[in-house]
Every structure is written in structure tokens, then in C-alpha cells.
Amino acid sequence: MTGARVVPMVTGLLFWALAAILLAPAELGLASAVVAAALLTVQIGMLGVGPAILTLLPAETDGRRLVTTSLLTVGLSSLIVATGLVLITRALGPGVGQAWDDPSAAVAFLAAAFFATTAYQLDHIQSAQSQAHLALMRSFLQSLVQLAVLVISLAGGYRTLNIVVTAVATGAAASVLLGLLQVYRGLGPRRKKALQVREILNLLRPALRNYPLMLSDRAPGYLLPLIIAATLSASATAAWYVVWMLATAVFFVPQSAGYSLQTKLAAPGHHPGLVVRALRISLLLTLAAGGVLLGASRFILQLLGSQYAPHWVLFLILVPALVLNCVTQVYYGVCRARGHQAEATAVAVLAAAIAVVPASAAAHLYALPGVSVLWLAAQLAAALVAAWRLRKIHARAESPKANDIPARTVGNPDELNTP
């Protein structure tokens, strides 16, 4: 699952590097803000369906109907959210709202949001089916198609933000087409029975319990480029987005560890030591990836140009935040598996408030380093609470009395550790 997230980010480096070299910083900055808006749409439009599938699908007898319901739900939701975002940002004006002066940019944005959301849901479905290797295959195809469209467009003399957004949309569409073929091929024969509203409601009931946690955890990262675009400039947004894209490649390691842990904990049986092992693996992989990022970031940004090179120092702030996130994502995985989303959501909202609420003022006063420090402070606050709770969970799990409990009662925060 980590590979399925990281592969497109690594190949995406070539994509954004080529765009940074051949497009003006202002044009690239506006394009990156539009892409960030599309990815924000993904997080809002998912409605928590992705994490819910990780728990529901393994126990489902009619997987085809559940998969179809989930894809239709997130697809429709993403279009509604994307349309609303276009209207809101257009009314606000500065930043990403300027992109909609060209109607074709709005069309490309809607397509990117729809296909990216569907592709993200297919990632969750294939992880729930223990077929994350298929998601890796799709991610590789997506990145290759995205890069090919950009190269062809630039070779044809196009130098506008539309080529970046269109390339992202086309790559996501290729991933969706392959994913639909992969998923439905392994779900058995098709049953001739129309979908019912009741099935959508049955899916949304557990999904919406995950939604506030997922949104408060993921949305701030995609809000920051929009805030920077509105507060500073499109050129500053371009620099931030390149840095943020590189850091996000490492972030997918702890996030994937949390989702994988959730899937394991949701399975029947006792899971002694599983949380500790997940935390250890996540920390080791994140430290290794973060070290590589720190070593390579200065060289990579120098290749992109003088306007990007000075920003390598931001990684000195962002990499420690990524390491702290290992603890938080494992904690979120435990809470999702045990039905304690409200507790985890409170922690995620705290971190989101620290990172987003003062972001405009921090960007205005201290530029990009100020935004990075805010992000580090947010991750530190969340990790401290998560570590405290995980310690209590682990202590109870190791106690003899805890191991004698025959069943767990979902909804009681004091029984997070019981099998």
C-alpha cells in the first residue's frame, strides 16, 4: 500500500520538475493550486467511504454490490464538492479563483477531481481485498500516463496551467479504467439487481463515522497551498507545492501503516503486540525515507532552478513532523478499528486548527518557514496525545486482567485494547 502511494509521488517528481523547468513560476504556482484544490476535493468527497471499506468489504458476501455502491457514492460526491469549490473560489477571487477565468480549466479541474477520487477509492478497495500490488500497478500506470501527456503537450508548444491539470486528470482516468477491470474481474459473477438507496445509506452510516477523522487529518495539507496562493503569490505556491509533494511521498509511509493496522485489527482474534510492531516498522521506514529526502532535497531543488533551491531548508522542519506522524497514524488506525473515531477526531481537529487557523498570518509574517513551523507544531501536539493514549492501550493489553476479557464493547474508550 505504501508503494502504491509512493510510486506516483516519485515519478511525479519528474512530472513537476519538467513543469517547473518549462513553465513560468507564476503559471506553475496557479496550476499547483488547482491540483491541490482537486486533491482537497478528493478528501472532502470521499465521505469516509474509503476507511469504511477496509472494515466492511472483507466480511461482505456480495462484494460486487458494495464496491459498486462505494464507487458511485464517492464519484457523485466528488462532482458536487468540486462544483461547489469552483463557485466558492471564484467568488473569493485571489489565488485559485483566478484559474477559472478560462472555462476549460474548470472542466479539467472537475475531471481531475472525479477521477482522482475514484482512483483513491479503488486503492482502498484493493487494500481491503489484500491486493495492494494491483493498486501499485495502477499507480505506476497513472504516473506514466500523466508524465506522457505533459511531455506531449509541452512538445506541442503549450505552456499553460491547463496542461498540468489535464495531465493529472488523464493519468487518474487511466488508473480508474485499469482498476475497474481489476476489481470486477475478481468479484465473481454479476447479479442482476438494481442498487437501492438503502444500500447507500448502509454504507454511509459507518463511512460518515470515519469522515470527520479523515477530513480533519488530510484536508489541512491540501488547504495550505490555497492559503499560500491567496496570501503570498503564485510563485511562492509553486515552491511550496514542490516541497510539499516531496514530503508527501514520505507521509504515505505512516499513513499506510495506520490503514494496514486498522485492517489487521478489524479481523477476528487476538492481536498481541501488533500495534507495537506497526509503530516500529512505520518509524524505521519513515526515518529511512526522511533521511533520503533530507540528503537529496537540496540537489533536487537546485536542479529545478534558483527560485526553488533556497527552500530545501524547509525539509529540516517537515521531516521531523513526518516522523512524529508515525505515532499519530498508528493511533488513528487503532481508533478506527475499535470504533473510537470521536476520540481520534478530536486529536486531528486540534492538529488541523494549529496548522490552518494561523497559517495566513504566519505566511504573511514569516513566509514559507512560518507555515512549516506551524505544521511541525501541529504534528507535535497530535503525536503527544497519541503517544499517551497508545501507552495506556499497550499497558492494558499487557496486563493479565485485560487478556481475560472475552469480548469488547465498541463505544467504550477504556476497552480500545481488547480483542
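Heads up: the structure comes first, above all this text.
None of these values were measured; they are calculated from a predicted model.

1. Points about the overall build of the protein
Check the secondary structure of the protein and you find 14 helices and zero strands. Listed by position from the N terminus, the elements making up the protein come as α-α-α-α-α-α-α-α-α-α-α-α-α-α. The 419 residues of the protein split such that 55% are buried. The long-range fraction of contacts in the protein, counting pairs at least 24 apart against all pairs at least 6 apart in sequence, stands at 82%. By element, 70% of the accessible surface of the protein is carried by carbon and sulfur atoms, the whole surface being about 17,400 Å².

2. Details of the environment of Val330
Within the fold, Val330 resides in helix H11 (residues 315–338). Measuring from C-alpha to C-alpha, the distance between Val330 and Pro254 comes to 7.4 Å, with 76 residues separating the pair along the chain. Setting aside residues no more than four positions away along its own chain, Val330 makes contact with Leu261, Val275, Ala278, Leu279 and Leu390.

3. Notes on the packing of aromatic side chains
For the structure on display, the rule yields six aromatic pairs. Taking the centre distance of 5.1 Å and the plane angle of 75° together, the rings of Phe114 and Phe115 count as edge-to-face. Here Phe115 falls in the partly exposed class, since its relative accessible area comes to 25%. Ring centres 5.7 Å apart and planes at 15° place the aromatic pair Trp240 and Trp244 in the stacked group. Separated by four residues within a single helix, Trp240 and Trp244 lie in helix H9 (residues 234–266), roughly one turn from each other. Residue Trp240 shares its accessibility class with Trp244, and that shared class is buried.

4. Some thoughts on the nonpolar core
In terms of nonpolar packing, the biggest core is built from 102 residues, with Trp100, Phe109, Val164 and Tyr308 touching the most fellow members. No other element matches H9, which puts 16 residues into this core. Sequence-distant contacts of Tyr308, defined by excluding residues within four places in its chain, comprise Ala20, Pro25, Leu28, Ala238, Ala239, Val242 and Leu301. In terms of nonpolar packing, the next biggest core, distinct from the first, is built from 26 residues, Val42, Val67, Leu122 and Ala128 among them.

5. What to know about the packing of H9 against H11
Axis separation between H9 and H11 bottoms out at 8 Å; the angle between their running directions is 20°. The angle between the axes of H9 and H11 places the two elements in the roughly parallel class. At the point where H9 passes H11, the crossing takes the right-handed sense. The class makeup of the residues in the contact of H9 with H11 is 18 nonpolar, six polar and two charged.

6. As for helix H10 (residues 274–304)
Taking 1.5 Å per residue, 31 residues should reach 45 Å; H10 reaches 42 Å between its end C-alpha atoms and fits that length. Of all the bends in H10, the greatest, near 45°, is centred on Ala296. For H10, the full list of buried residues reads Leu274, Val275, Ala278, Ser282, Thr286, Gly290, Leu293, Ser297, Ile300, Leu301 and Leu304. Looking one or two residues past H10, Gly305 carries a phi angle of roughly 135°, positive in sign.

7. Overview of the packing of helix H3 (residues 49–56) against helix H4 (residues 63–92)
Contact geometry of H3 with H4 gives a least axis separation of 11 Å together with a crossing angle of 175°. The pairing of H3 with H4 is recorded here as roughly antiparallel in orientation. Every residue of H4 that contacts H3 at Val49, Ile53 and Leu56 is listed here: Leu66, Ser70, Thr73 and Val74.

8. Describing unusual backbone geometry
Positive phi is not limited to glycine here, since Leu47 has a value of about 55°. Of note, Ala367 is a non-glycine position whose phi angle comes to about 60°, a positive value. Topologically, Ala367 is positioned in helix H13 (residues 359–398).

9. Quick word on the pattern of salt bridges
Applying the stated criterion across every chain yields a total of three salt bridges. A salt bridge links Asp101 to Arg90, with the nearest nitrogen and oxygen atoms 2.4 Å apart. Here the residue Asp101 occupies a position in the loop between H4 and helix H5 (103–128), and Arg90 occupies one in helix H4, the gap between them amounting to eleven residues. Glu343 is the partner of Arg389 in a salt bridge, and the nearest nitrogen-oxygen pair spans 2.6 Å. Taken as a pair, Arg389 in helix H13 and Glu343 in helix H12 (residues 341–356) lie far apart in primary sequence, 46 residues in all. Assessed through its relative accessible area of 8%, Arg389 is described here as buried. Of the residues examined, Glu343 reaches a relative accessible area of 21% and is grouped as partly exposed.

The rules behind these values
Residues numbered from 1 in each chain as written. Predicted model: local features only at pLDDT ≥ 70, side-chain atom pairs only at ≥ 80, totals over all residues. Heavy atoms only, no water. Helix = DSSP H or I, 4+ residues; strand = E, 2+ residues; numbered from the N terminus. Buried < 20%, exposed > 50% of the residue type's maximum accessible area, 1.4 Å probe, protein only. Contact = heavy atoms within 4.5 Å. Areas by Shrake-Rupley, 256 points an atom, 1.4 Å probe, with all protein chains shown as cover. Phe/Tyr/Trp six-rings, centres within 6.5 Å; stacked < 30°, edge-to-face > 60°. Core = buried A, V, L, I, M, F, W, Y, C linked by side-chain atoms within 4.5 Å. Axes fitted to C-alpha atoms, helices over the stretch in contact; angles between N-to-C directions. Parallel < 35°, antiparallel > 145°, perpendicular 65-115°, else oblique. Left-handed = near helix turned anticlockwise from the far one by under 90°. Nonpolar A, V, L, I, M, F, W, Y, C, P; charged D, E, K, R; others polar. Expected span 1.5 Å × (residues − 1). Bend = angle between axes of the 7 residues up to and from the residue. Salt bridge = Lys/Arg side-chain N within 4 Å of Asp/Glu carboxyl O.

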